[in-house]
Amino acid sequence: MLTLYTAIGYLKFKKGNNKQPLPVIINNGQDYGMTENELLLWSCLAFQILQIHELEAEYESRLAKNALPDSLPFSHYLNRLILRGLIVKGEGLTGVDALYRLLGSLYILPVKDTFSIRFFSCIHLCLEGKIKIGDFSRYLRKETYSPIEEVILKLAEKVPLSTAEMLTSIEKKANIQSETDIMKELYEDSDATCQRLAEDAQLHHIQFPVLQAIGNLYLNKQISFQTF
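Residues numbered from 1 in each chain as written. Predicted model: local features only at pLDDT ≥ 70, side-chain atom pairs only at ≥ 80, totals over all residues. Heavy atoms only, no water.

The next subject is helix α8 (residues 163-172). The buried count for α8 comes to seven of ten residues, which makes it a mostly enclosed element. Residues of α8 that are buried include every one of Thr-163, Ala-164, Glu-165, Met-166, Leu-167, Thr-168 and Ser-169, and no others. Lys-173 sits one or two positions beyond α8 and adopts a positive phi of about 55°. (Buried < 20%, exposed > 50% of the residue type's maximum accessible area, 1.4 Å probe, protein only. Helix = DSSP H or I, 4+ residues; strand = E, 2+ residues; numbered from the N terminus.)

Across all of its chains, the model carries three salt bridges by this definition. A salt bridge links Glu-38 to Arg-80; the shortest N-O distance between them is 2.4 Å. Of the two residues, Glu-38 is situated in helix α1 (residues 36-45) and Arg-80 in helix α3 (residues 74-83); the sequence distance between them amounts to 42 residues. With a closest N to O distance of 3.3 Å, Glu-38 and Arg-84 form a salt bridge. Note that Glu-38 is positioned in helix α1 and Arg-84 in the loop between α3 and β5 (87-92), a separation of 46 residues in sequence. (Salt bridge = Lys/Arg side-chain N within 4 Å of Asp/Glu carboxyl O.)

On to the pairing of strand β1 (residues 2-7), then. Burial analysis of β1 places five of its six residues in the buried class, the great majority of the element. The pairing of β1 with β5 spans six bridges and is antiparallel. In the sheet register, Thr-3 faces β5, and the bridge partner there is Glu-91. (Pairing = 2+ DSSP bridges.)

Counted by the stated rule, this structure contains four aromatic pairs. Their ring planes at 45° and their centres at 5.6 Å tell us that Tyr-59 and Phe-74 sit as a pair that is tilted. With Tyr-59 in helix α2 (residues 52-66) and Phe-74 in helix α3, the pair connects residues that are 15 residues apart, well separated along the chain. In this structure Tyr-59 comes out as buried when scored by relative accessible area, which is 1%. A relative accessible area of 9% places Phe-74 in the buried class. Centre to centre, the rings of Tyr-107 and Phe-228 are 4.4 Å apart; their planes meet at 35°, and the pair counts as tilted. Residue Tyr-107 is found in strand β6 (residues 107-110), and its partner Phe-228 is found in the segment after β7 (223-226); the two are separated by 121 residues along the sequence. Since its relative accessible area comes to 55%, Phe-228 is described here as exposed. (Phe/Tyr/Trp six-rings, centres within 6.5 Å; stacked < 30°, edge-to-face > 60°.)

The next subject is the packing of α1 against α3. The N-to-C vectors of α1 and α3 enclose an angle of 75°; their axes lie 10 Å apart at closest approach. As far as their axial angle goes, α3 and α1 are roughly perpendicular. Residues Asn-37, Glu-38, Leu-41 and Trp-42 of α1 form the contact with α3, whose participating residues are Phe-74, Tyr-77, Leu-78, Arg-80 and Leu-81. Residue composition of the contact of α1 with α3, by class: six nonpolar, one polar and two charged. (Axes fitted to C-alpha atoms, helices over the stretch in contact; angles between N-to-C directions. Parallel < 35°, antiparallel > 145°, perpendicular 65-115°, else oblique. Contact = heavy atoms within 4.5 Å. Nonpolar A, V, L, I, M, F, W, Y, C, P; charged D, E, K, R; others polar.)

What follows concerns the sheet that holds strand β3 (residues 21-27). Neighbouring strands of a sheet are bound in pairs by backbone hydrogen bonds; such pairs are parallel or else antiparallel. Pairing in this open sheet of three strands is antiparallel, and the strands run β2-β3-β4 from one edge to the other. Taken across any chain shown, the strands that pair with only one partner, and hence form the sheet edges, are β2 (10-15) and β4 (30-33). Neighbour to neighbour, the strand axes of the sheet diverge by 45° on average, direction disregarded.

A word on the nonpolar core. Nonpolar side chains in soluble globular proteins tend to be buried together. With 53 residues, the main nonpolar core has Leu-41, Leu-55, Ile-214 and Phe-225 as its most contacted residues. No other element matches the six residues that helix α11 (residues 208-219) contributes to this core. Dropping the residues within four chain positions of it, Leu-41 is found in contact with Leu-55, Tyr-59, Phe-74, Tyr-77, Leu-78, Leu-81 and Ile-87. (Core = buried A, V, L, I, M, F, W, Y, C linked by side-chain atoms within 4.5 Å.)

Right, dumping it as structure tokens:
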């Protein structure tokens, strides 16, 4: 059995009572405060999909680099973040099954990709010594997408869709223009839910490229995931 993990939501800094910026994770409009160790573990999975041994190794490496004080075991923070819904996992007999079980019920949220964001990101990376000034032109270029990635991004910009809904929508060539179209186009049973759709849907070989494209967009920081 293969188990995959990823992070939910996105990071934002808000001013605390002492006017100092505090890191919080935003998921479905709700703020989640984080301890240093929780934030460190969550950041290991931001725009990453890892197995448990990869995640623990990355966490321990970052823990040593940041010289954080003695802390509770890795499993404590992992279980707490899973309980809070900020880390999710998916299990399957194959990598494709595990990936679908991981992403199926998660909602796709496009990440803003403007020139100013890319420019200031380059400055930040340059100041940290991670890239050189000569690398700016490469990182400032707008990402190019495959045809299926463009379809996914355009749909996600119109209306929030889960991965299962996205797969079903593209397979059926459904005309989704607003949230009111989702039930009419994707759900034959009025009592159906997104979770049931994700659990009941059979992943067909024609859907593999779509699932792969969703994974690629996430790893390339073009989308994030959230739960409702």
